[in-house]
Structure formats: structure tokens, C-alpha cells
Amino acid sequence: MELLSGAEMVVRALKDEGVEYIYGYPGGSVLHLYDALFQQEDVQHVLVRHEQAATHMADAYARATGKAGVALVTSGPGATNAITGIATAYTDSIPMVVITGQVMSHLIGEDAFQETDMLGISRPVVKHNFSVQRAEDIPTIIRKAFHIAQTGRPGPVVVDIPKDMTTPTDRFPYEYPKNVKMRSYNPINRGHAGQIKKAMDLFLSAKRPVILAGGGVVIGQASEELRELINLTNVPTTNTLMALGALAGRDRHNLGMLGMHGSYEANMAMHHADVILNIGARFDDRVTNGTDKFCPTAKIIHVDIDPASISKTIRADIPIVGPAKIVLDEMLSIVKASTKQLDAESLKSWWEQIEEWRGRHGGRYRTDDSELMKPQQVIEMLDTITNGDAYVCSDVGQHQMYAAQYYKFNHPNRWINSGGLGTMGFGLPAAMGVKMNFPDADVACVTGEGSIQMNIQELSTCSQYDIPVKIICLNNQSLGMVRQWQDMNYESRHSQSYMKSLPDFVKLAESYGHVGMKVDKYADLEGAMREAFAMKDRLVFMDIAVDPFEHVYPMQVPRGSMRDMWLSKTERT
Amino acid sequence: MRHIISVLLENEPGALSRVVGLFSQRNFNIESLTVAPTDDETLSRLTVTTIGDDRVVEQITKQLNKLIDVVKVVDLTEGEHIERELMMIKLKANNGTVRAEIKRTADIFRGQIIDATQNTFTVQMVGSSSKLDAFIEALSGASILEVVRSGVSGIARGEKVLSL
């Protein structure tokens, strides 16, 4: 058997996992690892400018492909800088393996230089973490890390490696385990057949059914099955922020996103539904609004791979624990074989009601009262120019909600955003992670002048590796979502939400060797955006001035029911 | 309602901190916690008593089950079970009357005096938590110097076992 050092085993194990790119930043504790990386060509390392970006790049790769992304950082500040990215992945159930350096074993606990207790710090935001205590365990630990990250409800796994575990002169026989068995970890691989049968009985007897698709459909690669079920049953469907693209944005069954900034028709349909089939959504607070008033007439079928997500906030009438894809498959065969069908008359009048809601308020914003470009117009233009096929990597704030509302995704896995944690600074590194792995695809980073500055240094990484993403910066010169809440709840006292002294983004982009564009008028938008996307091999930073007074609507009234919404600054349901 | 939850845990470094961390992270209450290795040295057995409504206790058992180091979880209070807690209590016993009174009370509760000095008694008692509470209550006349309790250990009655 081949003898390898701990450092070489780490790199070889990554290769054996089929990892092409890892994202990271070197430092004292990981120098042996970086030396091992230098001496091979299978695993390519991407040097970021801040460790947070490394984790977001790995995370976005995972969101786009379903496979675990890998980040490598040093101990101490390298590890703590990675925490935000790890927490981002954890909250959205994204598979990721983060390798962190650690000070030498004999120094642990002695407050050594660049020592932090990474196991302790990361514990609440990882699916699991490992500390390497014996170098010969490295192959098994890395196999376990990938196994845990990618199966069941996915999530990030940290592997903390003390420097002396990677010493070049200590060599061990290397064999990469194909499989690992863990007696304490056996993810559920199918749903309970009886429960699924019961669920379909209820579903097919509904008069006002709604399907609610969550991130589990996208992460669980179950969009095809979902679409088939929808087409087969003609049931109106809404999705969470995490499931955009699970059903095509332009499909007539699609009511759009639900929840705090969900569409009028989606929220109304949820409120009036008699049966809700929730597949892979965890009923979080941005979806349910006031849980005591949530969907008063609905029976709830809840499919989730994580039993702890079921009946956590909303009690399920029929819980089903299992992977979305397998459960949907079984549901499909039941529906196909069943003599029972949804009552056509009821479904028809349900659809008429929904179309009436859709016609009344659906997808509306005003363009007539202002000279200024509306942010929604920019997203609609992006949708038009990229035909709903782009990877849209979003930052966090108003622009994120506009993108979610107005970009009509044809495909799943192309909406890349920090939904659960709401991490500003996610967008640019995420776009980079996607673009490196899908060089021929259109990849847009939809951001604002606030978010983009949280990881703006990555423009440098883009120069180094020629990553030609398109940055669509909706510049409203303020922290828009914060200001919206201040407008609505604090009598417009704009405490710290105004971004003074913004840089000249065009010059900034140019200083990194990229293309910068400034767009002030709607009339110039289409030409400029087409030009930007035509520059296939250049990063283009589009600084687009938009109406700073615009608010995101609909917006649910706090602690109300699903149907309690503000529809504009002056209208309420 | 009070629940006694038993957990079989991989005997790995950091495993206990995952359990304790889970409780504070999710705002679950811990009344008592005991942990020690079992006859199988790769496994620890942990008993936690907690107070919560059905929804909270359901979440506690589900979230515990999700921890990778957790092998099995059972809520003992769902079935017939036995619970025991060990207490050692040091009391001021500096005159004959007090000493006799403590001795009498300890006998009633089937406690043993396991250490004595001229001025103190140390009583050991095993029983359910409420029995230990009752003993402390019954000693209200005496002056308590120190109390140490082990936390609850529990086991199911009958043939039910919690093992691999």
C-alpha cells in the first residue's frame, strides 16, 4: 500500500471524492496541506481574499450541483471567518465539507497563537464536526464527512486537523474507504407507505388543494417528480424562497412564492385551502406569519426528510418522513393507479377563484409616479435577456425579494441565495462558485450597494481566475429593507440605513481590471444589459440607479394570517 | 410535565457537549443531567430530566436523535420506569437532641449516616427526586451545611431494554 503523509492523505481523499475545486486561504496551521496541494494537479485550489468567501463559493457549488463543496482555511481567524459561511449553509441545509487547520495537538488548550476551539465554535452551526486525533484516521474521517454532509438532511461538516497530523515525514498506508457504516447515523431513505397512502386519500378528496414546495424539492433533486404530480392533478402550487425553479416560473400552475413577501394569490390560496401538501418546506416564520392564524381551514400533509421539522411550528395532520424524490415517486404511482380523482367541479371553481386573485393583484408595481427606474424593472429585464435560464446568485435585502418575485426560473438549482440565515455578502462569492463550475452559463449576482460591499474584495479573486460573472447592483443608496421597515414601523426614522460615501463602482471595478457600467435611465437599461451579457469573458459590474423610495410588496402584516397583507404603501387586505 | 429521557451516546470526545449545547441552543430546559460509560466502553448512557409540554418534549427527542453521536433515545416517562437519585447531605449535628432527630428522620427515609464528626452528620440517601425533596423538607428543623445530588438515573421496568 502507498505511504502518504497526513497532508497528502487529505488531498488524495478529496480527489477520491471527485472534488475538482476547493476554495480557501493558507495560514500557519495548514502549510503542510498547502504544500501537498502544490505538488499535485487533480484538486485545484482557488485563493479567495477572505475566508467567508471560500465557504460561500463551496456552498454555491453545492446548491447548483447537489454535491458537497469544499473549503480549506487555517486555524484561529481563518476558522472564525468561515463561521458565517458555515452557518449560511447549515440554515439552508447545504452539503459542505470545511477543513480547518488547528494548532499542534500538544498546544491545544494553551491559548496558542491562532488557536480557537473550532469544534466548540462551529458546533451549533454544523451537521457534525470531527477533530483528527490520529493521522491514520484521516481517510475514514473525510469519507464520513462527505457521507454525513450529503445524505439525509444535508448540511456542513467541519474537519479540524491539528498541524502535527499533517507532518510530511510521518507517513501512513493510504486506502480510501468506499463506504462507511455508522451505527448512530442511518438516514431515512423512504417514506412510510401507509402514511403516503393516507396522504393521497386526503389529497385527492380535497376541494381547494394547494401544493407547497420547499427547498427539500430542490436539494432533493425532486423537481421532475413534483412537476409530474402537478401536471397530473392540475393543483395550484406555491413555493418557498428556497424552492424557486422547482416548478417553472412561467408554468400556469405556479402561484409564485408565498409568505412575508409572497404573491397575493399564493398567500390567499394558502389561507383558503382545505388541503396543503407540503413537500420539503419547514414552515419557517417567514412563510407562516402568525402560526395561530395559519391556514385555518387546511389539513396539512407534511413531507420532510428531517422528522424534527415536522410539527415543529405547524402541526401536521399527516406527517411523512422521507426524501422528497422517493416520496413523490410513490405519490405519483398512487395517483396514477387510483380510481379516485380530484373533484373536477370543485377544482374548476378553485382555479377560477385563484385566477381572480391573480388578476386583481398579481405581480403588480407602479412605474408611473416617478422618473426613477424601478428595481423590479431591472429584474424583469434580466429575466428577459437571460430567458429565465441564468444562475441568479442573490445577496440579501430588497433586491433579493425583487429577484425572487420577478425572475421566472425555468430550472431548479439556479436560484442561489441565503434564505434562512440572510447573509449579506453571499451573492458575489456564490456567483463565483457557480461560474467556475459552469463556465458557459450566464451567471448573475443580483445585489445592492450595501450587500456587495460586504465581500467586494472578491473582485480581486475574479481577476486572478478570470471569473466573468455579471454583477447587477440595484443601487438605491440605502439599506433598502432596513429602511422599508423603518418607514413602516418607525415613522421613517432612517437610523443608520443610509449609505453615505459610496464608492464609484465603475472605477472600482475597473481598478480590478473589470468592466464597469453605470445605468441611470430605464431607456438605457436593455442596451447596457445586453452588452454586459455579450461580454462572455469579462466581469461586468452594472451599477444601476433605482428608485430609493420603493418598497417590496406584498408584505404580510406581522403576526397576522396568511391573507393579511400590505399591497402597496396605501392598500391593505 | 416532567420527563426523563435516556440517551445512548457514542463515547467520543465532545459528544456530551453536543447534547448540552443542543439544550441551551434550542432553549430546552434541563432539570438534571447524569452521564457515565456503560458496560460497553464505546457507549455512554446519559439521563436528562426536563420539563416541557408534549410539543417541546417531542422536539427534544427528535433533535437529540439528529445528533450524529446519539445512538438511541427513549423517553422513559412514556412507560413504566424506575428512577433513582443519590444525595449526600451534610448537616450541623452539634448536640444530642439534633443528632437523635436527624438519625430518626434518616431512618424513616431509609437514609444512612455515612460520616460523622463532633459537629456534623453526612447522610446518604437514594430514591426518587421527590423522595429526596421530601427528606430535605422533613429536615427543616436542622441546619443544612451542604447538599450534593447526582441527578436522576432511570431504567424501564420489566423486560424492555435500551441497548444497541
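Residues numbered from 1 in each chain as written. Chains lettered and ligands numbered in written order. Predicted model: local features only at pLDDT ≥ 70, side-chain atom pairs only at ≥ 80, totals over all residues. Heavy atoms only, no water.

Attention now goes to the sheet that holds strand S14 (residues 318-321) of chain A. Residue and element names in this part refer to chain A. Pairing is parallel across the open sheet formed by six strands, whose spatial order is S11-S10-S9-S12-S13-S14. Of all the strands in the sheet, the pair left with one neighbour each is strand S11 (254-257) and S14. Within the sheet, the average angular offset between the axes of one strand and its neighbour, ignoring direction, is 15 degrees. The pairing of strand S13 (residues 299-304) with S14 spans four bridges and is classified as parallel. In the sheet register, Ile301 faces S14, and the bridge partner there is Ile318. Taken strand by strand, helix H7 (residues 193-204) contacts strand S9 (209-213), strand S12 (275-279), S13 and S14, and its axis lies near 135 degrees from that of S14. (Pairing = 2+ DSSP bridges. Helix = DSSP H or I, 4+ residues; strand = E, 2+ residues; numbered from the N terminus. Axes fitted to C-alpha atoms, helices over the stretch in contact; angles between N-to-C directions. Contact = heavy atoms within 4.5 Å.)

Turning our eyes to something else, we now look at the interface of chain A and chain B. Where interface size is given, it is often the accessible area lost as the parts come together that is meant. Each side of the interface is counted separately: chain A has 20 residues, and chain B has 21 residues. Carbon and sulfur atoms make up 44% of the surface buried where chain A meets chain B, a total of about 1,700 Å² over both sides. Counting the surface chain A buries against chain B, the share from its top three residues, Arg123, Arg183 and Ser184 of chain A, is 39%. In this assembly, chain A and chain B are joined by three salt bridges. Note that Lys66 of chain B and Asp306 of chain A form a salt bridge whose closest N and O atoms lie 2.7 Å from each other. Of the residues belonging to the side of chain A that touches chain B, the class tally is eight nonpolar, five polar and seven charged. (Buried area = accessible area lost by both parts, 1.4 Å probe. Salt bridge = Lys/Arg side-chain N within 4 Å of Asp/Glu carboxyl O. Nonpolar A, V, L, I, M, F, W, Y, C, P; charged D, E, K, R; others polar.)

This part is about unusual backbone geometry. Residues and elements named next belong to chain A. Residue Pro554 follows Tyr553 across a cis peptide bond; omega there is -5 degrees. Within the element layout of this structure, Pro554 appears in the loop between strand S20 (540-545) and strand S21 (555-556). Phi is positive for Ser501, which is not a glycine, with a value near 50 degrees. Inspection of the secondary structure puts Ser501 in the loop between helix H18 (480-489) and helix H19 (505-511). Owing to a relative accessible area of 73%, Ser501 belongs among the exposed residues under this scheme. (Buried < 20%, exposed > 50% of the residue type's maximum accessible area, 1.4 Å probe, protein only.)

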